[in-house]
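# Chain and residue survey
Given next are the chains, with one letter for each unit.
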Amino acid sequence: MSLVEALAVPLAQVEIQERSGESCVAENGFCPEWIADNFDRYVTPFSEHVYLTVVSVGVGFIIAFTLALIAHRRQWLISPIAGVTGVLYTIPSLAAFFLLQPITGRGNLTAIVALVAYTLLILFRNMMTGLAGVSPDAKDAARGMGLTERQMLWRVELPLATPEILAGLRIATTTTIGLATLAFFAGGGGLGAQIDAQIFFKSNVVVAGGLAVLLAAVFDVLILGAQRLATPWQRAQPA
Amino acid sequence: MLHFAFLDQFRDAIDFIFNQRESISGEVQIGGLAEIGRFTAEHLLVSGIAIVAAVAVSVPIGLYLGHRGRGEFLAIGVSNVGRAVPSLALLAFFLAYLGTGVVNVTTVLFLLAVPPILTNTYVGVRQVDPDTVDAARGMGMKDTQIVGKVRLPLALPTIFAGIRLSAVAVLATATIAPLADVRTLGEPIISPQIYGDAGQIGAAIVVALLTLAADAGIGGLQRAVTPKGLKLAAEAKGPRRRRFALTMPTRRERTI
């Protein structure tokens, strides 16, 4: 294709777009008019996507947090838990959707179980790293002030581990939003279903994919904001 | 009464992997080791090319940026952006704008594979003790020697952790390649009207095993190329903690 031709093709598409939205769709262009007219169809997949993400990451966080508290007391459990969650992390969630299907059937449940399994390693590792990174001096001081082990965990160790724990939560959330685009294979809906429905239509792919990226960015900023609120002492001493 | 119907489904899926059968709609023969073998070969081919290309591109860039201490924003940011873009969305974007085919699928997989390797190489190189680098310089090593003989060997465990992350992600994503007319192991998953439940579950079993095997294989490779002295040092010091929270936590400590 010559340079002139290469330039002429997109220019021709722009002209068609300006003339009428319909022919833009027929030409498979990027059609703002069509998007504005059809934005409704993205509302349900988007909310399904938010639901899948929030439930999966929420349940994953509760399980990982419980495991982390147990492993913090009994350090020998760290290796086996990391090993099992490591295998769950390595199995592609798309495969997990179908491996679970005979047991949990088609639908949200299967999607959520697979997504939860995927988040565990990320969350657990960061929790353990955070807890292990608490300086021994801080723990000594806490002990010197007469705190019990339990008080020390909740008032000293967990607050100091918060940045690391929330960094894990951010990674888990962004990853889950990405993987939830495949949840439709398990019958879980989400933005992936909308991408798949018209996978060759540029406008559709850009909007559905763009919404997923936007969602990831919004959640990331929200968790970062929560982290700043939860760790006021970090602002006093910039790194 | 407890009913283990799901076991029958798994049995049927395993039968699909080993024995040919008639498709759901009849007419064609599907499944069996020959067809699964073809899908697996295609799966490994597109994934392998993407991973090797990603290593060839990302490791030198990561080494350079890490050694110079430049481009932290790029080296770390690329992973954050990479995570935020769903693989399905990336594939769909390529399909809609550039079309189907092996080249486009491999390009998508390559783009997915670059961020973890680049970020881990950068972080691994930065984590090398500055005193060690100073000592190397004091011994009269040139920059290229410092990178090749000091920084790279010491960063290998972290780099390999990145390659493992990439390989797992690429093998997982290659499963949706049939959407772009590349017949990988995802073919039975994408076309249940031909392959049925047994085909979907059977293919999922093979994909899962393939990924676990690749992960273990790269782990073994990692142990093989880690310098002996580093292994001894790691045993003496015990597991080291990572300070870089934003990078994916890895199984580096366990596998050194």
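Read on for a plain summary of the structure.

Reading the values: rules and limits
- Residues numbered from 1 in each chain as written.
- Chains lettered and ligands numbered in written order.
- Predicted model: local features only at pLDDT ≥ 70, side-chain atom pairs only at ≥ 80, totals over all residues.
- Heavy atoms only, no water.
- Helix = DSSP H or I, 4+ residues; strand = E, 2+ residues; numbered from the N terminus.
- Contact = heavy atoms within 4.5 Å.
- Areas by Shrake-Rupley, 256 points an atom, 1.4 Å probe, with all protein chains shown as cover.
- Patch = residues over 30% accessible without salt bridge, like charges linked within 9 Å, V, L, I, M, F, W, Y side chains within 5 Å.
- Salt bridge = Lys/Arg side-chain N within 4 Å of Asp/Glu carboxyl O.
- Buried < 20%, exposed > 50% of the residue type's maximum accessible area, 1.4 Å probe, protein only.
- Phe/Tyr/Trp six-rings, centres within 6.5 Å; stacked < 30°, edge-to-face > 60°.
- Polar contact = N/O pair within 3.5 Å; in protein donor to acceptor, adjacent residues only side chain to side chain.
- Nonpolar A, V, L, I, M, F, W, Y, C, P; charged D, E, K, R; others polar.
- Axes fitted to C-alpha atoms, helices over the stretch in contact; angles between N-to-C directions.
- Left-handed = near helix turned anticlockwise from the far one by under 90°.

## Quick word on the overall build of chain B
A tally of helices and strands in chain B yields 11 helices and 2 strands. Mapped from its N terminus to its C terminus, chain B presents α and β elements in the order α-β-β-α-α-α-α-α-α-α-α-α-α. In chain B, of all internal contacts separated by at least 6 residues, the share reaching a separation of at least 24 is 71%. When the accessible surface of chain B is totalled, it reaches about 11700 Å², and 64% of it is carbon and sulfur.

## Comments concerning a nonpolar patch on the surface
Together, F30 of chain A together with F93, Y97 and L98 of chain B line one region of the surface with nonpolar side chains, adding up to about 370 Å² of accessible area. For L98 of chain B, the position within the fold is in helix 4 (residues 87-98). Given the relative accessible area of 57%, L98 of chain B is considered exposed.

## Observations concerning the packing of aromatic side chains
All names here are of chain A. Taken as a whole, this structure holds 10 aromatic pairs over all chains when the rule is applied. Aromatic side chains F39 and Y42 sit 6.0 Å apart centroid to centroid with 50° between the ring planes, which places their arrangement in the tilted category. Residue Y42 is classed as buried on the basis of its relative accessible area of 0%.

## What about the interface of chain B and chain A?
One widely used convention gives an interface's size as the accessible area the parts lose upon coming together. Opposite the 43 residues of chain B that make contact, chain A presents 45 residues. One can count 0 salt bridges joining chain B with chain A. Where chain B touches chain A, the interface holds 0 residue pairs in polar contact (both at pLDDT 80 or more). The set of elements that each furnish at least two residues to the side of chain B that touches chain A consists of helix 1 (5-18), helix 3 (72-84), helix 4, helix 7 (143-173), helix 8 (187-190) and helix 9 (192-225) of chain B. It is helix 9 of chain B that provides the largest number of residues to the side of chain B that touches chain A, a total of 9 residues. Its residues placed into classes, the side of chain B that touches chain A shows 29 nonpolar, 7 polar and 7 charged.

## Considerations on the packing of helix 2 (residues 32-68) of chain B against helix 7 of chain B
Residues and elements named next belong to chain B. Where helix 2 contacts helix 7, the two axes come as close as 9 Å, and the packing angle between them is 145°. Once helix 2 is placed against helix 7, the crossing between them reads as right-handed. Facing H43, L44, S47, A50, I51, V55, V59, L63 and H67 of helix 2, the residues of helix 7 in contact are D143, I146, V147, R151, L152, I159, I163, A167, V170 and L171. Classifying every residue of the contact of helix 2 with helix 7 gives 14 nonpolar, 3 polar and 2 charged.

## A closer look at the environment of G101 of chain B
Residues and elements named next belong to chain B. Within the secondary structure, G101 is located in the loop between helix 4 and helix 5 (102-126). Overall, G101 belongs to the partly exposed group, its relative accessible area being 22%. Placed 108 residues apart in sequence, G101 and L209 show a C-alpha to C-alpha distance of 26 Å. Contact partners of G101, with chain neighbours within four places excluded, come to A180 and V182.

## Quick notes on the side chain of S47 of chain B
Within the element layout of this structure, S47 of chain B appears in helix 2. In this view, S47 of chain B contacts L109, V170, L171 and A174 of chain B; residues no more than four positions away in its chain are not counted.

## A few points about the pattern of salt bridges
Residue and element names in this part refer to chain B. On inspection of all chains with the given rule, the structure shows 9 salt bridges over all chains. Note that R21 and D12 form a salt bridge whose closest N and O atoms lie 2.9 Å from each other. By relative accessible area, which is 35% here, D12 ends up partly exposed. For D15, the salt bridge goes to R21, with nearest N and O atoms at 3.1 Å. Overall, the relative accessible area of 33% leaves D15 in the partly exposed class. Each of D12, D15 and R21 takes part in one network of salt bridges that share partners.

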